[in-house]
Amino acid sequence: MNFFHLQPAEWQALALTVKVAAAALLVALPLAVLVAYLLARYRFPGHGIVNALVHMPLVLPPVVTGYLLLLAFGRKGPVGAFLSETFGISFAFNWTGAALAAGVMAFPLMVRPIRISFEAVDPKLEAAAKSLGAHRVVAFLTITLPLAVPGILGGAILGFAKAMGEFGATITFVSNIPGETRTLALALYTATQTPSGDLAAFRLTLIAAVVAFAALIASEVFARRLRRRIGGDHD
Amino acid sequence: MNFFHLQPAEWQALALTVKVAAAALLVALPLAVLVAYLLARYRFPGHGIVNALVHMPLVLPPVVTGYLLLLAFGRKGPVGAFLSETFGISFAFNWTGAALAAGVMAFPLMVRPIRISFEAVDPKLEAAAKSLGAHRVVAFLTITLPLAVPGILGGAILGFAKAMGEFGATITFVSNIPGETRTLALALYTATQTPSGDLAAFRLTLIAAVVAFAALIASEVFARRLRRRIGGDHD
Amino acid sequence: ATDERPLTVFAAASMREAMEAIADAFEEETATKVVFSFAGTGTLARQVEAGAPADLFVSADAAWMDYVRDQDAVSADTIVEFASNGLVLVGLEESPVLELSPENLHAVLETGRLAMADPETVPAGRYGKAALVTLGLWPAVSARLAPMENVRIALASVARGDAPLALVYRTDAMVEPAVAVVAELPQQSHPPIRYLAALTSSRTHPAAPAFLEFLNGPRAREILHSLGFLTDKVN
Amino acid sequence: MIDINISGRVGRMDIVAQFEGRGGVTSLFGQSGAGKTTVTNMIAGLATPSSGRISVNGTVLLDGDKGIDLPVQARRIGHVFQDARLFPHLSVRANLTYARWAGRRSGTRDFDEVIDLLGLKDLLDRKPETLSGGERQRVAIGRALLSGPRLLIMDEPLANLDHARRNDILPYLDRLCVEAGIPILYVSHSIEEVTRLSNTLVLLSEGRTQAYGPVAEMLAREDLVHVTGRREASALLSGTVSRIDATWDLAHVDIGGPELQIPGLAAAAGDAVRLRILARDVALAAVPPEGLSIRNALTVTIESISGETGPYAEILCSLACQTIRARITRASVSDLGLKPGMTVTALIKSVSIDRGQSTLAPPVSVET
Amino acid sequence: MIDINISGRVGRMDIVAQFEGRGGVTSLFGQSGAGKTTVTNMIAGLATPSSGRISVNGTVLLDGDKGIDLPVQARRIGHVFQDARLFPHLSVRANLTYARWAGRRSGTRDFDEVIDLLGLKDLLDRKPETLSGGERQRVAIGRALLSGPRLLIMDEPLANLDHARRNDILPYLDRLCVEAGIPILYVSHSIEEVTRLSNTLVLLSEGRTQAYGPVAEMLAREDLVHVTGRREASALLSGTVSRIDATWDLAHVDIGGPELQIPGLAAAAGDAVRLRILARDVALAAVPPEGLSIRNALTVTIESISGETGPYAEILCSLACQTIRARITRASVSDLGLKPGMTVTALIKSVSIDRGQSTLAPPVSVET
Ligand SMILES: Nc1ncnc2c1ncn2[C@@H]1O[C@H](COP(=O)(O)OP(=O)(O)OP(=O)(O)O)[C@@H](O)[C@H]1O
Ligand SMILES: Nc1ncnc2c1ncn2[C@@H]1O[C@H](COP(=O)(O)OP(=O)(O)OP(=O)(O)O)[C@@H](O)[C@H]1O
Ligand SMILES: [Mg+2]
Ligand SMILES: [Mg+2]
């Protein structure tokens, strides 16, 4: 076996991880943008509670979050039962559940940077857009949103990285089933469970590091290009 | 036993958690500010590597990070041995180790929002400060740093929340010693691992939630006051 | 009977090596593929309770098996005990044999801690504590404990020299080359360490009973024995 | 027609603004910090007055009593902000056409025409950050012009522009008012710009409108000199171009009897014009002088002489229903023995008149 | 003394700036987008020229050849930025005193004096965001004045200020140059401001300095009219105040033989002054007229007549070593039969002279 040649199980875990992280990002990011915007621009009753709820997955040990997810979204959980009966969607013990766990855990990491960027955008620009006839939604989409891209990108990076590395909530919620929920992080854990697993663990650590590194570089390049495009590059 | 009356063990875990999270924040935040500034303003060789390293604890499962910490900072680890011989500092099985683990895990969460804020500060303002005679360090401290406060505060909130909830790396690195390293998160985990631990887990979840909620409210109030002070409040 | 779908087994992570070897043998014989989800026994038990798609549940802890039986998550009449284990104290490779006495332990632990699985959360820890109490050694060590999230880390901390002594299963001691057994704890000093397996109530795979039988059969016993498990009781 | 009656509060300043613009350009004039920007923001819907009524050409944008309060995007106000406020992430072109692609407004102005006027052709693909101060201001003007507004608010739009550029833009604004019938609310601290452009002048001081009315009237009011400024006292003469002398490039303007000769006036015979004549450009002679290069010598009657302290005296003269102001030294008043009722000759250098003060009179404001 | 010789590039524009200011105010004049801000940024060290030399009062700030390149904070340049650039998180007071507490510079200017001059007393505890456009600009000026600079760079500092405020600030800048010996590099698109203030005028066009020299000389140069502008052609007369007529509040200024009577000149007998006389304020008479309110009638000799197309003619006249310009219609030239060599009377309204153009002549620039 060549050291640099990925084994099928490793491929499987890698592909699954990327799929789970991407799905988590895709679903959670728009929601995070929405919540961040609301938190940044409006003072509504319940502002504090929404804010606290968003941060909860960060404060609680992942195992607890995973357990709560299991209680709520499991086959017998109230939400899980409803979803599976009404829409036929089931999160229990499959990769969508892993994505859900990753998304929930990544959520606070996305909301905060995005919120900071929204708060830094001068609302006078949006007002100017409205004075030019843009509906508030259009003004948001054409002015505030593009100007908040650094934060959105930053949030996406943090969220994606977290989703890739998520372990505690995932293993608790959807278990550690190869090909279905055994992401790189879980495979890594599995490997550490045997003394002879050190080499495997090392390989998996390397894979995770390389993927993360590639994602980071890509995001940096993308960010730089975008920043140049939106003219915020001060160099 | 009154339900709302904290037991000694709970008090202990709570106090320890706050101590650990605060220590982690205190040490990691200045470092995060520095790293974020460097990443935001300079393109140096190794920029990408520093950036990737910062994010590593996020991508790797916490257990792996904990294990790596154990390898490096354990008594026989290269860093640990050096520190303990030279300064008599030991992280092994010690609350400072818990703080180290929490700090390392929280680090990427701090760097990113701070970096976003730094990137949003117009470098022309720092240039103006220099033209008024301020040394570059003074200009940074009086202009760029205060203007990046939203990001620093946001990073601090994420970091503190993460430090409070850190579990995997902590338990792996410094074990789960009551009074020494058993933070709320670890106590909560402990409770969930016993078939009869549900009530205890519920109580601990509540405590963690209340503390996090209080910290969040405090930070929001602080942020709002600060934002008003620095005049960035657009309302 | 062959089936396209693999048989899914939820097994305690500490059983990984043995379970995979047994599964290989089973596949050889029946051409039925087996996949495992490895995690802590408590985590798996809660998942089985929540209706996880497991055909078999392999527990390293009798208490959790009782728990799932009480929840009707496993078929009570299928519970079998297929192996047991013993406890040993290990030290670094060249460590001399240790006479079990409070004074001796005290001497060894003066500068270090006794690494062991968490007595409150991990079965190995519970058994270990029971043994130490029975042997009258508990008072000598209780203040010098380093409770670990799992046995592997306890082993690793001895191997790395962070702890002078670890209390682990004899199976663990056998596979880590860097450590040597310094003392065996008498079997009578603790409740029997039993490994139990059962068919889950939600099983779907037709080969599940066959695998349970195989697990309890001579071929599996051979494998278990070679890895250090005690199988005499079953015999 | 704009009709404003609003009050509100900003910081420690109470805003009470009540004025009507009868069409054409209405100028908001006042010191730095007088509240001009705040009033325009309230009209545009960017700041909320505590009460009031705003209507433009009959459309009610705000009526506190009736509960009408159109949102910003429905007010259709082209706003040139004092601080440009360009969208930093969009190219100059995308900034200019923003109202079209994001606001679904089809501007009535031709894109190329506006680009030409403002000299933006070479900047279209640039980002605002790379523009010079004046370039930024021009893009802001263009963006507002192209938004198909029902009212144009311009907050010191020419502050950073050189004279040549100003002199291109001001006549364009003039035409915009006249041809497209778009009223303009113009904020400026330059009395020259204001008198050149406006039909109605609104004087704002410490958040309150002190007075408003036709420019000529406002400039003539002695009680407002502390706001309009002594130095630039002037009079406006209305007249009709009687003929154009092509040889010397002079327009002859009939001001109700006597004729004035004006160089460089872009007008045709028959056009109604307004001439702003600064008091300091008018000299007086006891007897009609001979052999002067000064071409316009008008026989006038002295109405009043306000001789304050300081070196100057202000002489109000009348001719054919119109008023003219002269500013001379007190020494000369004494030397020439000037008295109210005397008939004297007012000398106006032709060259002095053409200083961008003369404009085609907007049809709405023929005050004669 | 400032001595600049730099070249560099910004965007698609090449910057080549070479000029010397012999003291007092050096004005950088040019169209919007000519590169004025860019040049000041290079001098201040905020943009890096690709090569060149910059020295101020003998101190070398940059010398590409010798490898000298003082960092921004060591250049001690008080910079009033075109976009104010106040520190948004600091109060007005902290902004004003920034150089003192953060830059360790002890300003030579008195805080209260500057606050008074700029009318900032009531704003000290406010945040920049709540200031009006003009207020912001004034704070920016104050901040630079209080930074104890060795050179003051002012990039269109008065663009948003009303006339009254301008007329407070300009004489102060004058005095600053003279008394404190701080050279000022002044950027403006207003030729009035520029001629009023400057000793040296630098003309910038498309990134290149076209010419520089004493203001009077530059304004007189026919080849530069396309930059300085035809409309505001003028001449500068140097003279000495011979006496002050307190009764009529007139200063009598000896311009080397004849005397001019100037109202409202804040000067004492013996002071050297410079008078800017706009060509359009000068009329010519074939014979000395009588009974006019115009007090200054100078006997001059016509040097040249430039009669271009258009309605105007430009007459260059000489008197006692000095030059005066008159702008009259071509029609009048023809009517009066004016020819070079003729002796005529130049009529200058006293009132016209006092328009903020007259200043105490900075000692460094007595050009006679
Ligand atoms: N948010 C605020 N808090 C306190 N004072 C404010 C606030 N906004 C504006 N002001 C004050 O209200 C006054 C009017 O401001 P405004 O911007 O309307 O003035 P302006 O007439 O446009 O002046 P300029 O010609 O200088 O732009 C100013 O004195 C300003 O300082
Ligand atoms: N980063 C850049 N990229 C491209 N072009 C630029 C950049 N910065 C400035 N320019 C151009 O260089 C020219 C000079 O700009 P500068 O700001 O120096 O002009 P200015 O003379 O100060 O004009 P204004 O009077 O309008 O402020 C302008 O045409 C501007 O568009
Ligand atoms: Mg304003
Ligand atoms: Mg400029």
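What counts and how
- Residue numbers run consecutively from 1 along every chain, following the written order of its sequence.
- Written order determines the labels here, with chains lettered from A and ligands numbered from 1.
- At least 70 in pLDDT is required for a residue's local features to be given in this predicted model, at least 80 for side-chain atom pairs to be given and counted, and no such filter applies to totals for whole chains, interfaces and linings, which use all residues.
- For the side-chain quantities, the full set of heavy atoms in the structure was used; hydrogens and water were omitted.
- Contact definition: two residues touch when any of their heavy atoms are within 4.5 Å.
- A quick way to say it: buried area is the sum, across both parts, of accessible area lost when two parts are put together, with a 1.4 Å probe.
- We define a salt bridge as a contact between a side-chain nitrogen of Lys or Arg and a carboxyl oxygen of Asp or Glu at a distance within 4 Å.
- Polar contact is the term for a pair of N or O atoms within 3.5 Å; when the atoms are in protein, one must be able to donate a hydrogen and the other to accept it, and sequence-neighboring residues count only if both atoms are side-chain atoms.
- The numbering of helices and of strands both runs from the N terminus, where a helix is a DSSP run of H or I of at least 4 residues and a strand a run of E of at least 2.
- Annotation comment: domain bounds sourced from an automatic or database domain assignment.
- Least-squares fitting of one copy onto the other uses the C-alpha atoms of those residues that reach a pLDDT of at least 70 in both copies.
- At least two DSSP bridges between two strands are required for those strands to pair.
- Note on method: axes are straight lines fitted to C-alpha atoms, helices fitted across the in-contact stretch only, with angles between N-to-C directions ranging 0 to 180 degrees.
- Note on terminology: near, applied to a residue and a molecule or strand, indicates that one of the residue's heavy atoms is within 4 Å of it.
- All accessible-area figures derive from a Shrake-Rupley calculation using a 1.4 Å probe, and residue coverage is judged against the displayed protein chains alone.
- Residues are grouped as follows: Ala, Val, Leu, Ile, Met, Phe, Trp, Tyr, Cys and Pro are nonpolar; Asp, Glu, Lys and Arg are charged; every other residue, Gly included, is polar.

Brief notes about the interface of chain E and chain D
How big an interface is tends to be stated in terms of accessible area lost as the parts join. Between chain E and chain D, the contact holds 60 residues from the first and 60 residues from the second. Contact between chain E and chain D buries roughly 5100 Å² in total, counting both sides, with carbon and sulfur atoms accounting for 49%. Joining chain E to chain D, the criterion identifies 2 salt bridges. The shortest N-O distance in the salt bridge between Asp335(D) and Arg295(E) comes to 3.0 Å. Counting across the chain E and chain D interface gives 16 residue pairs in polar contact (both at pLDDT 80 or more). Within the residue set of the side of chain E that touches chain D, elements represented by two or more residues are α6 (133-145), α7 (163-180), β16 (282-285), β19 (322-329), α11 (330-336) and α12 (350-353) of chain E.

Quick word on the domain arrangement of chain D
By the assigned domains, chain D splits into domain 1 (2-226) and domain 2 (234-238 + 272-367). Each of domain 1 of chain D and domain 2 of chain D was reduced to a C-alpha centroid, and the two centroids are 33 Å apart.

Quick word on the relation of the copies chain E and chain D
Expressed as a screw operation, the relation of chain E to chain D combines 0.0 Å of axial shift with a rotation of 180 degrees, fitting to an RMSD of 0.1 Å. With respect to symmetry, the two chain copies, as superposed, fit the operation of a two-fold axis. Relative to the rotation axis, the C-alpha of Ala159(E) is the closest in chain E, positioned 2.6 Å from it. An overlap of 100% is found between the interface residues of chain E and their copies at the interface of chain D, pointing to a shared contact surface.

Observations concerning the sheet that holds strand β8 (residues 165-169) of chain C
Residue and element names in this part refer to chain C. Across the sheet, 5 strands lie side by side as β7-β6-β8-β5-β9; this open sheet has mixed pairing. Two strands bound the open sheet, and with one partner strand each, they are β7 (145-148) and β9 (179-185). Taking the axes of each pair of neighbouring strands and ignoring which way they run, one obtains an average angle of 30 degrees across the sheet. Bridge analysis of strand β6 (residues 114-117) against β8 gives 3 bridges, and the strand direction is parallel. The residue of β8 that forms the bridge with Ala115 is Ala166. Relative to β6, helix α5 (residues 123-134) is tilted by about 125 degrees, and along the sheet it contacts β5 (87-92), β6, β8 and β9.

Examining the site of ligand 2
Taken together, the neighbourhood of ligand 2 is formed by 19 residues, with Arg126(D), Ser132(D), Glu135(D), Thr37(E) and Thr38(E) sitting nearest. Among the chains of the assembly, those with residues near ligand 2 are chains D and E. In the model, an oxygen atom of ligand 2 is placed 3.2 Å from a nitrogen or oxygen of the Ala34(E) main chain. Glu156(E) is positioned such that a nitrogen or oxygen atom in its side chain is 3.3 Å from an oxygen atom of ligand 2. With the chains in place, 85% of the 640 Å² that ligand 2 exposes on its own is no longer accessible. Where the shell around ligand 2 is concerned, the elements lending two or more residues are α6 (133-145) of chain D together with α1 (36-44) of chain E. Per-class residue counts for the shell around ligand 2 are 3 nonpolar, 12 polar and 4 charged.

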